[in-house]
Amino acid sequence: MNEVRGWLLDLYAGEEQGLVLWIITESGERKRFLHDFPITFYAAGPPDLLRQAWRFLQNDPIQKTLSGSEQLDLFSGPQKVLAVSVTNPAEQPRCFHDLWRRFPALIYYNTDIPLTVRYAAALDLFPLARCRLIADEADHVQAIEALDSPWDLNPQLPPLRILRIEPNVDPQHDSPRFVTIHGARGPMRIPIEPWRGLMLTIRANINRYDPDLILTRWGDTWLFPRLMVFCKQQGITYFNPNRDSHKRPLQRKENSYFTYGQIVYRGSQFHLYGRWHIDQQNAVMVGDYGLPGVLEQARVTGLPVQEVARKSPGAGVTAMQMQMALRRGILVPHTKQQAEEFKTLSELIHADRGGLVYQPLIGLHRHVAEIDFISMYPSLMVHYNVSPETVGQGGDLDSIIPELDRPIDQSREGVVPATLRPLIAKRLALKQQMADMDPRDCRYQPLKARAAGLKWLLVVCFGYLGYKNARFGRIEAHEAVTACSRDVLLTSKETAEEAGYQVLHMYVDALWVKRQSSQAADKPVTEAEVRQLLDTIAERTGLPIALEGIYRWVAFLPSCLDDRIPVPNRYFGIFADGTIKTRGIELNRGDTPPFIAAAQREALQILAALPEDRPPADALPEIISHLRGVIAALRGGQLSPETLLITHRVSRLPDEFRAASPAARALRQLAVHGYERRPGQRVQFIYTRGNPGVYAWDLPEVFNPAAVDIARYSDLLIRAAHTILQLFGIEKEKLRTLLLSRTIQLQLPLTRTS
DNA sequence: TCCTCACGGGG
DNA sequence: GTGTACGTGAGGA
């Protein structure tokens, strides 16, 4: 018998039996173990049908044990079920599938739970867990235990060996000539032709360095698929980037799927066994929270590292809820795998009609404090115990939320709040550590990435609650949360008003307040005063709340179509420290050409640079002169084509467009030259004069700068400038003259705002 | 004026 | 094989 201490690196079903575990030992070895781990799933239904199913399974050659038992359904309580325990995890999917095909009328549970999630629920062992195991001479695990927990704030992680491989250019648009390999030693450049040489070099590097993680760019969509195709053509069987030579890498096809109200493109995937492969170009969220965030998510969700790197956080939330259900002995219903997330982006961008939206007072306001609830929806779910199985259960009707016409059972913590509680606590604790640290400290960035990884799990969980296809979703629970949120915001408004503040605006989880005009409205409100208000609100609502900041001034914008109507989410302002915050204006949009976003930002920076005691309108001459400079550069052809690029994410194939929008015309241009864009991918173009009015970026022919549609870009610039300058009473047409006239007008017709 | 299409957060 | 918010704004017919 051997005792081994180390970290759990990888876990999957073995080909012949049990689970395969890869452990990075404390002494630095990478060791493969086998662990017997039967997988149980359940079927419920009429007794005679269950008896037929039992007989069917007895005649099926897959090794398993059958038993009758009683398990808890989240909604309908105890159920008599047939338990099917498949000895070899690799055979469980097929066993279930055969049964399901033969008995589609039965209700199935625990059929599609990821292996790592089952393992975490059964043994507290999650990806990257530190563990101690005892194995026999054949490396079969006899006993294993965790030495740390997903909720440890600063766990000790294994030292990972990382091999980086990336081509010199984007293979989608160009033909790479070499790849750079960065491993044990410094970078080396390997020519792509001949592929045989490239394959041998990569193989040699993998063998020599034995990396735990191969970090690539376009490894999913280009490098590995191409290498495999090459090897197949040449009849080469010895190239295997896995650490586990018993298995071939797992390839998944590219797809476009609908989620959060838009089409997302996900390239093909190339997963390894015994080590990880992450393609930074295909791991959508990696840019947001980086490798530390991915590892953090793997630890808390129990999903494999390679999966969390490529999936959206919705999959992580589902995994956490499944794990919680397994731990509590609650059945996880089988649903055919649909879109992985809630269908709307609403909770993400605060546009949910369920959340309270207030009409702001249009115009510029001085000395305004913005107060935000922290992770408001998750906090509400925990605070009010909102869960699919608690809403509408027990308790009396006039319970906690006046607006809510149904009770929420408070006798036991629900599955969803129980899942969220440690997540919220951990994120807050990490943020607390960050607050006590110098941002230049090398430990700061990883903390931030981990906190961001957790934040995303919290953000999507609310959407899941209302998603009818989610395992633990129920629309009533979703409504309960939004009802609670409105109640909380209204309570906050009352509290603020009682404390002598005027509430200028409220938006889902934030409110903007200033002193009542009777109370020396122009005297800056102090942080200490607002903190007092915060404490009162936190006390009355029971929710965590934070001061986003105190604005020198903030401007709420009217609708572009009717300047008397305010829109709730278009505003900008300058905080006391000079920081700019903007929402919903041109520079926030991904489809604004970079030079326009930059010009708008510059205008705001000029405003921010103004001494505090001067009125904002004093910045006008400098802003106008700056914008005139931008127009001059545009006319003079001094702007690089890249800064003129408009980026759109297209929702359909070129011939599926009903309207010849600029993006559609750019797509067609690309198609003519044999360049393909799948729905969900980006297309970039420049407005040009004449037909077709666009130049699609990435076209092989050279871009002619003389073709740029200067009038059109001027219009876009004027529009963006007007968004800011309308506050100073400058009409769009006046602005056009100010910016476009060839002679400089010395007198600026300015209306001062009070 | 109507229709189509795309965007949106936070740190 | 997946499902289509909602409000706003832009561009084209």
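That block above? That's the structure.
Calculation notes
- Residues numbered from 1 in each chain as written.
- Chains lettered and ligands numbered in written order.
- Predicted model: local features only at pLDDT ≥ 70, side-chain atom pairs only at ≥ 80, totals over all residues.
- Heavy atoms only, no water.
- Salt bridge = Lys/Arg side-chain N within 4 Å of Asp/Glu carboxyl O.
- Core = buried A, V, L, I, M, F, W, Y, C linked by side-chain atoms within 4.5 Å.
- Buried < 20%, exposed > 50% of the residue type's maximum accessible area, 1.4 Å probe, protein only.
- Helix = DSSP H or I, 4+ residues; strand = E, 2+ residues; numbered from the N terminus.
- Contact = heavy atoms within 4.5 Å.
- Pairing = 2+ DSSP bridges.
- Axes fitted to C-alpha atoms, helices over the stretch in contact; angles between N-to-C directions.
- Polar contact = N/O pair within 3.5 Å; in protein donor to acceptor, adjacent residues only side chain to side chain.
- Parallel < 35°, antiparallel > 145°, perpendicular 65-115°, else oblique.
- Left-handed = near helix turned anticlockwise from the far one by under 90°.
- Nonpolar A, V, L, I, M, F, W, Y, C, P; charged D, E, K, R; others polar.
- Expected span 1.5 Å × (residues − 1).
- Phe/Tyr/Trp six-rings, centres within 6.5 Å; stacked < 30°, edge-to-face > 60°.
- Lys NZ or Arg CZ within 6 Å of the ring centre and 35° of its normal.

**Describing the pattern of salt bridges**
Where charged atoms from two side chains of opposite charge approach closely, those side chains can pair.
Thought 1: Here the structure, examined in full by the defined rule, presents 37 salt bridges.
Thought 2: One connected set of salt bridges, linked through shared partners, spans Arg30, Arg161, Asp210, Asp212, Arg243 and Arg275.

**Notes on the nonpolar core**
Thought 1: One finds Met381 and Val386 to be the most contacted residues of the largest nonpolar core, which totals 65 residues.
Thought 2: The greatest single-element share of this core, amounting to 10 residues, is contributed by helix α12 (residues 444-465).
Thought 3: Among residues more than four places away in sequence, those in contact with methionine 381 are Val386, Val416, Pro417, Leu420, Cys461, Phe462, Leu465 and Val481.
Thought 4: The next biggest cluster of nonpolar side chains, apart from the first, holds 62 residues, and it includes Ala597, Leu610, Leu634 and Val694.

**Some thoughts on the environment of asparagine 207**
Thought 1: By the secondary structure assignment, asparagine 207 is in helix α4 (residues 195-209).
Thought 2: Since its relative accessible area comes to 54%, asparagine 207 is described here as exposed.

**Thoughts on the sheet that holds strand β20 (residues 501-507)**
Thought 1: Sheet architecture is open: six strands sit in the order β20-β21-β19-β22-β23-β24, paired in antiparallel fashion. What marks the edges here is a single partner per strand, and that holds for β20 and β24 (580-583). Each strand of the sheet is rotated relative to its neighbour by a mean of 35 degrees, with strand direction disregarded.
Thought 2: Bridge analysis of strand β22 (residues 545-558) against strand β23 (residues 566-575) gives six bridges, and the strand direction is antiparallel. The residue bridging tyrosine 551 from the neighbouring strand is phenylalanine 575, located in β23.
Thought 3: Taken strand by strand, helix α13 (residues 475-498) contacts β19 (363-373), β20 and β21 (510-515), and its axis lies near 160 degrees from that of β20.

**Focus: the side chain of glutamine 306**
Thought 1: Structurally, glutamine 306 can be placed in helix α7 (residues 305-310).
Thought 2: The buried category is assigned to glutamine 306, whose relative accessible area is 6%.
Thought 3: Only 2.7 Å separates the side chain of glutamine 306 from the backbone oxygen of leucine 272, close enough to count as a polar contact.
Thought 4: Here histidine 277 takes part through its backbone nitrogen, which lies 3.0 Å from a polar atom of the side chain of glutamine 306.
Thought 5: Other than its neighbours up to four places away in sequence, glutamine 306 contacts Phe270, His271, Leu272, Arg275, Trp276 and His277.

**Structural notes on the pairing of strand β18 (residues 276-279)**
Along a regular strand, successive side chains alternate from one face of the sheet to the other.
Thought 1: Neither face of β18 is exposed, since Trp276 and Ile278 on one face and His277 and Asp279 on the opposite face are all buried.
Thought 2: In terms of strand pairing, strand β13 (residues 213-216) meets β18 through four bridges, oriented parallel. In the sheet register, leucine 213 faces β18, and the bridge partner there is tryptophan 276.

**Structural notes on the packing of α4 against helix α5 (residues 219-234)**
Thought 1: α5 packs onto α4 with a crossing angle of 115 degrees between their chain directions and a minimal axis gap of 10 Å. On the basis of the axis angle, α4 is roughly perpendicular to α5. Once α4 is placed against α5, the crossing between them reads as left-handed. On the side of α4, the interface is formed by Trp195, Arg196, Leu198, Met199 and Ile202, while α5 contributes Trp222, Leu223, Arg226, Leu227, Phe230 and Cys231.
Thought 2: Each residue belonging to the contact of α4 with α5 can be placed in one class, and the counts come to nine nonpolar, no polar and two charged.

**Some thoughts on helix α15 (residues 594-609)**
Thought 1: With 16 residues, α15 ought to run about 22 Å at 1.5 Å a step, and its terminal C-alpha atoms sit 22 Å apart, in line with that.
Thought 2: Every buried residue belonging to α15 is among Phe595, Ile596, Ala597, Ala599, Gln600, Ala603, Leu604, Ile606, Leu607 and Ala608, and all of these are buried.
Thought 3: Residues of α15 that are buried in the fold lie against β22, β23, β24, α16 (620-635), α17 (641-644) and α19 (710-725).

**What to know about the sheet that holds strand β1 (residues 2-13)**
Across a sheet, strands are paired by hydrogen bonds formed along the backbone, either parallel or antiparallel in direction.
Thought 1: With antiparallel pairing, five strands are arranged side by side in an open sheet as β3-β2-β1-β8-β9. Edge positions in the sheet fall to β3 (30-35) and β9 (141-146), since each has one partner strand and no second. The mean inter-strand angle of the sheet, taken between neighbouring strand axes irrespective of direction, is 45 degrees.
Thought 2: Here five bridges tie strand β8 (residues 130-135) to β9, and the two strands are oriented antiparallel to one another. Each residue of the ladder has a partner; that of alanine 135, found in β9, is valine 141.
Thought 3: Set on the sheet, helix α3 (residues 115-123) makes contact with β1, β2 (19-25), β3 and β9; between it and β1 the angle comes to about 140 degrees.

**With respect to the packing of aromatic side chains**
Thought 1: The tally for this structure, following the rule as stated, stands at 18 aromatic pairs.
Thought 2: Between phenylalanine 595 and tyrosine 713, the aromatic rings sit 5.9 Å apart at their centres with planes inclined by 55 degrees, giving tilted as the arrangement. One end of the pair, phenylalanine 595, is in helix α15; the other, tyrosine 713, is in helix α19, with 118 residues separating them in the sequence.
Thought 3: Of the residues examined, tyrosine 713 reaches a relative accessible area of 0% and is grouped as buried.
Thought 4: Following the ring pairs from residue to residue traces out a cluster consisting of Phe41, Phe96, Trp100 and Tyr108.
Thought 5: In this structure, arginine 243 packs its charged tip against the face of tryptophan 22, placed 5.9 Å from the ring centre.

**A few points about the environment of alanine 597**
Thought 1: Within the secondary structure, alanine 597 is located in helix α15.
Thought 2: Under the relative-accessibility criterion, alanine 597 is labelled buried at 10%.
Thought 3: Every residue in contact with alanine 597, bar those within four places of it in the chain, is listed here: Leu587 and Thr592.

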